[in-house]
Amino acid sequence: MNSKLMQRREFLRTMMAAGIGSAGMLGTLGTIGRAQAAASLDQGGDDFRALVTVFLFGGSDSFNMIVPMDASYADYARVRGNLAVPQGQLLPLAGTSFGLHPNLVGTSQLAAQNRVAVGLNVGAMVEPTTRADFLADRVELPPQLFAHDHQQVHWQTANPTSLAREGWLGRAVDLMETAYADQTLPFNISMLGSNTLQIGPRSVGYAADPEGPAGLDILGEEQGQGPGRVHDQMLARSYDHPLMAEHVNIRRRSLDIFSRYAQAFDPVPQLQTAFSPGELAQQLLGVARFIAVRQQLGIRRQAFFVGMGGFDTHSAQATNLPGLLSAVDGALKSFYDATVELGVAEKVTTVTLSEFGRTLSSNGDGTDHGWGGHQLAVGGAVQGGTYGRAPARVIEGPDDAGEGRLIPTTSLEEFLTPAVRWFGVPEGDLDTVFPNLRNFDRRNLGYLG
């Protein structure tokens, strides 16, 4: 990363591989006049805050992740059958009546520090829904409710009835750009390529990797020679056609952004905190490295997207789920420890997302596509505990949509709104970020002050 040629080639190579156009990379540099986010800024001190989203693709079986330890454990064990976690193996979720899967050792340690909040039975809804409503077909439901692709989009857009592929995090960033007009580097950074979550009316995610800023290389020649020389000449020219002029301007700005990040990452920031070689852990290590260079680049707000797959556990769940949970647990614990090392633990909040939970009932070897499921919020500013209402763990009970698919008792908007408000979006703009929030009663679950 020491030479300009390497910087240019790296920039061009990864940008192409991620499928992100240079126009998209610079979308976050625009400004939106309607936001008045300054009212929510910290008064004095380091104003930095980062919101990290962790997507667990496939539909995470969080009912074996967060398990009741009170009298309702009997209902849980009866329905889960051969998949039930023995009560004696559960780890404490401090201050609650729930226990954690035995592979969530780090999460249990963070919970003992009051740094883990659990959103109970969170799911995608358009409006509050009961079993009677669902069976009578008298409420609007998310399209293709139990389909992976549709529900992944819903969790990222929080606006399933709109044809616009705009993510709630992209909308939040757009609303904050006026208040942070002095931040000329992208707010949204993805460690997992392009995604819907970070697309706003004017913004998309900046693709990166754990080693730092990413880019693309289509030149393949020494600087100033062959295709590289043609590219440089193209950028040096002026154009009368507005589309060509804008394209070239965007490419110039893109190269400038990469150059600034590349200089900050030369050498790559190193941390004392150990991270495992797993996919999710390495992505969060990359997030920590971007946070580490925030001050020298004048960055006060960052939003990150990371994730891992494998959670579609229709079969072999008893074998596969423990390893998946270990990977998530180790990654979240290492990342939190890294924020402590960097002195920003109270300024970084991590939330988990997944397109749906699993069925409460076992299919004999695993679980099938469900609806509601538990989600986590982790960070130094988090007030630990459980938030929302736990569902009744009874087949054909008051929260069962059928076949053990539990109807959410907390909407994804209710779960995510505290994180977006903490990030800096003013109260008056929350309905823009979450268009369906007005349909629900709870605008602040309270796990972030």
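Our subject is the structure that appears above.
Nothing here was measured: the structure is a model prediction, and the numbers come from that model.

Peer 1: Hey, could you run me through the overall build of the protein chain in this one?
Peer 2: Broken down by element type, the protein chain carries 13 helices and 13 strands. The burial tally for the protein chain puts 58% of its 449 residues in the buried class. As displayed, the protein chain offers around 16900 Å² of accessible surface, 50% of which is attributable to carbon and sulfur atoms.

Peer 1: Got a minute to help me understand the packing of helix α4 (residues 105-112) against helix α11 (residues 317-341) in this structure?
Peer 2: Geometrically, a packed helix pair is captured by the angle between its two axes and the distance between the axes. For the pair α4 and α11, the least separation of the axes is 7 Å and the interaxial angle reads 40°. By the criterion of interaxial angle, the relationship of α4 to α11 is oblique. Taking contact as the criterion, the partners of Val105, Gly106, Thr107, Gln109 and Leu110 in α4 are, on α11, Asp329, Leu332, Lys333 and Tyr336. The residue inventory of the contact of α4 with α11, partitioned by class, reads four nonpolar, three polar and two charged.

Peer 1: Looking at this model, I keep getting lost on helix α3 (residues 73-80). Mind explaining?
Peer 2: Residues that lie three or four places apart on an α-helix share one face, since the helix turns once every 3.6 residues. Turning to α3, its buried residues are Tyr73, Tyr76, Val79 and Arg80. The arc enclosing the buried residues of α3, seen along the axis, measures out at 135°, which places them on a common side. The elements touched by buried residues of α3 are β2 (66-68) and α11. Following α3 by one or two positions, Gly81 adopts a phi angle in the positive range, close to 60°.

Peer 1: Explain the sheet that holds strand β3 (residues 91-92) here, please?
Peer 2: Across a sheet, paired strands are connected by hydrogen bonds in the backbone, their directions being either parallel or antiparallel. Within the open sheet, the three strands sit side by side as β2-β4-β3. Their pairing is antiparallel. At either end of the open sheet lies a strand with only one pairing partner, and these are β2 and β3. Relative to strand β4 (residues 98-100), β3 runs antiparallel, the two being bridged by two bridges. Considered in β4, the bridge of Leu91 is made with Leu100.

Peer 1: So what exactly am I meant to see when it comes to the pairing of strand β11 (residues 373-379) here?
Peer 2: Successive side chains on a regular strand alternate, one facing one side of the sheet and the next facing the other. Counting buried positions along β11 yields seven of seven residues, so the element is predominantly enclosed. Here β11 shows no split at all, with Gly373, Gln375, Ala377 and Gly379 on one side and His374, Leu376 and Val378 on the other all buried. Alignment of strand β10 (residues 348-353) against β11, held across three bridges, turns out to be antiparallel. In the sheet register, Thr350 faces β11, and the bridge partner there is Val378.

Peer 1: I would appreciate a short explanation of the environment of Gly384 in the present structure.
Peer 2: Within the fold, Gly384 resides in the loop between β11 and β12 (385-387). Given the relative accessible area of 21%, Gly384 is considered partly exposed. Between the C-alpha atoms of Gly384 and Gln113, which are 271 residues apart in sequence, the distance is 8.1 Å. Those residues in contact with Gly384 that sit more than four places away from it in its chain are Asn114, Val116 and Ala117.

Peer 1: What exactly am I supposed to notice about helix α12 (residues 412-423) here?
Peer 2: Under the 1.5 Å per step criterion, the end-to-end length of α12 is 17 Å for 12 residues, consistent within 8% with the ideal 16 Å. Of all 12 residues in α12, 11 are buried, a share of seventy percent or more. All of the buried residues in α12 are Leu412, Glu413, Glu414, Phe415, Leu416, Thr417, Pro418, Ala419, Val420, Trp422 and Phe423. One or two positions beyond α12, positive phi appears at Gly424, with a value near 130°.

Procedures and definitions
- Residues numbered from 1 in each chain as written.
- Predicted model: local features only at pLDDT ≥ 70, side-chain atom pairs only at ≥ 80, totals over all residues.
- Heavy atoms only, no water.
- Helix = DSSP H or I, 4+ residues; strand = E, 2+ residues; numbered from the N terminus.
- Buried < 20%, exposed > 50% of the residue type's maximum accessible area, 1.4 Å probe, protein only.
- Areas by Shrake-Rupley, 256 points an atom, 1.4 Å probe, with all protein chains shown as cover.
- Axes fitted to C-alpha atoms, helices over the stretch in contact; angles between N-to-C directions.
- Parallel < 35°, antiparallel > 145°, perpendicular 65-115°, else oblique.
- Contact = heavy atoms within 4.5 Å.
- Nonpolar A, V, L, I, M, F, W, Y, C, P; charged D, E, K, R; others polar.
- Arc of directions from axis to C-beta.
- Pairing = 2+ DSSP bridges.
- Expected span 1.5 Å × (residues − 1).

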